[in-house]
Amino acid sequence: MHIITPTEIEHVAWEGYLEPLGETFKGAPSPRVTLGEPAWWPALRQAQDAAEQAMEGETGKKWTPPSGDRRYTLLRLACTLHPPAEARTLYKEATLTAYLRPRHDVGPVVAHDLYPQRLTAEEKGTFKVGLGPDLKFAGLVDISLLEVGAEIEYQQVYPVIQGYGLGESRPYWQFAHHEAHPLLGCQSVYAVLDAPQDAGGVRLSVELVATLETRWGPITVGLPQEAQAHLSRTIG
């Protein structure tokens, strides 16, 4: 399976203006954002089966999944921060969070792995990552990784990204401003979800919060309540 990460959001889940969180001054800036429709590949097991056959046929080694009683789904989330209307306003940071719950209450759904976990301003260009036998993201330094799971082409747009929440039901990514690169544009992130076999699917909710630097000082903004109805899905 070969996945090319789009540089622009192709399918919009919600688009609108972030609202100030808490009390603030009248006329506080409300920047426009776009959140993409979540993309997921629930048939990752098919790729695992192909990987097992490939590894046994080419290396003689038997492939064993991380846990036979779990379901692993590859998830992609995307958001776009549009330029603020106020010229002296800029994004200092933004946080994109995924809330994960099983459809049937049979145990937690957690993030088995995240990509990216850390990218800095010194890293530029297009990266290729793959899912290894342990369903963890890894750089494609070994061509055999192409036979396991998925190959993903990823073009960095934000200068600094840090992923958090491995092994937890609330993974999130923080995007930080860098002097050489404004915090604007579209970015996609990936997670491998680990759910019980009988979960009946994964309930996903997405949240976006950002901090703006304005001429009046820093302001924290987030999604309006109406956006939540557009950003909840059952996947897998």
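Residues numbered from 1 in each chain as written. Predicted model: local features only at pLDDT ≥ 70, side-chain atom pairs only at ≥ 80, totals over all residues. Heavy atoms only, no water.

Asker: Provide a residue-level description of the overall build of the chain, including the pertinent values.
Answerer: Within the chain one finds one helix and 18 strands. The buried share among the 236 residues of the chain stands at 49%. Across the chain, the fraction of contacts at a sequence separation of at least 24, relative to all contacts at a separation of at least 6, is 76%. As presented, the chain carries roughly 11,600 Å² of accessible surface, and 48% of it is formed by carbon and sulfur atoms. (Helix = DSSP H or I, 4+ residues; strand = E, 2+ residues; numbered from the N terminus. Buried < 20%, exposed > 50% of the residue type's maximum accessible area, 1.4 Å probe, protein only. Contact = heavy atoms within 4.5 Å. Areas by Shrake-Rupley, 256 points an atom, 1.4 Å probe, with all protein chains shown as cover.)

Asker: Describe the nonpolar core, and please don't skip the residues or the numbers.
Answerer: Core analysis: the biggest nonpolar cluster contains 52 residues, and V33, L35, L77, L96, F137 and L223 have the highest contact counts within it. For F137, the contacting residues outside a window of four places in its chain are L74, D113, L114, Y115, V129, G130, L131, I152, Y190, A191 and V192. (Core = buried A, V, L, I, M, F, W, Y, C linked by side-chain atoms within 4.5 Å.)

Asker: Could you give me a rundown of the layout of surface pockets, with the residues and numbers involved?
Answerer: Considered as a void within the structure, the largest pocket measures approximately 150 Å³ in volume. Along the walls of the largest pocket sit 13 residues, with P6, E10, H11, E37 and R76 positioned nearest its centre. In the lining of the largest pocket, the residues fall into six nonpolar, three polar and four charged. (1 Å grid on protein atoms, 1.4 Å probe; cavity = no way out; pocket = protein on both sides within 12 Å on 5 of 7 lines; lining within 4 Å. Points joined across faces, edges and corners; volume = space filled by probe spheres on them. Nonpolar A, V, L, I, M, F, W, Y, C, P; charged D, E, K, R; others polar.)

Asker: Describe the pattern of salt bridges, listing the residues and the values that go with them.
Answerer: Summed over the entire model, instances satisfying the criterion amount to five salt bridges. For E15, the salt bridge goes to R32, with nearest N and O atoms at 3.5 Å. One end of the pair, E15, is in strand β2 (residues 12-17); the other, R32, is in strand β4 (residues 32-36), with 17 residues separating them in the sequence. On the basis of relative accessibility, which here comes to 43%, the residue E15 falls in the partly exposed class. Residue R32 is classed as partly exposed on the basis of its relative accessible area of 30%. (Salt bridge = Lys/Arg side-chain N within 4 Å of Asp/Glu carboxyl O.)

Asker: Talk me through the sheet that holds strand β10 (residues 126-131); I want residue IDs and the actual numbers.
Answerer: Reading across from one edge, β1-β12-β10-β11 is the order of the four strands in this open sheet, with mixed pairing throughout. Edge positions in the sheet fall to β1 (2-4) and β11 (137-139), since each of these pairs with one other strand and no more. Neighbour-to-neighbour, the strand axes of the sheet open up by a mean angle of 30 degrees, direction not taken into account. Relative to strand β12 (residues 151-155), β1 runs parallel, the two being bridged by three bridges. Its bridge partner lying in β12, I4 is registered against E153. (Pairing = 2+ DSSP bridges. Axes fitted to C-alpha atoms, helices over the stretch in contact; angles between N-to-C directions.)

Without other data, these values stay purely geometric and don't point to any function.
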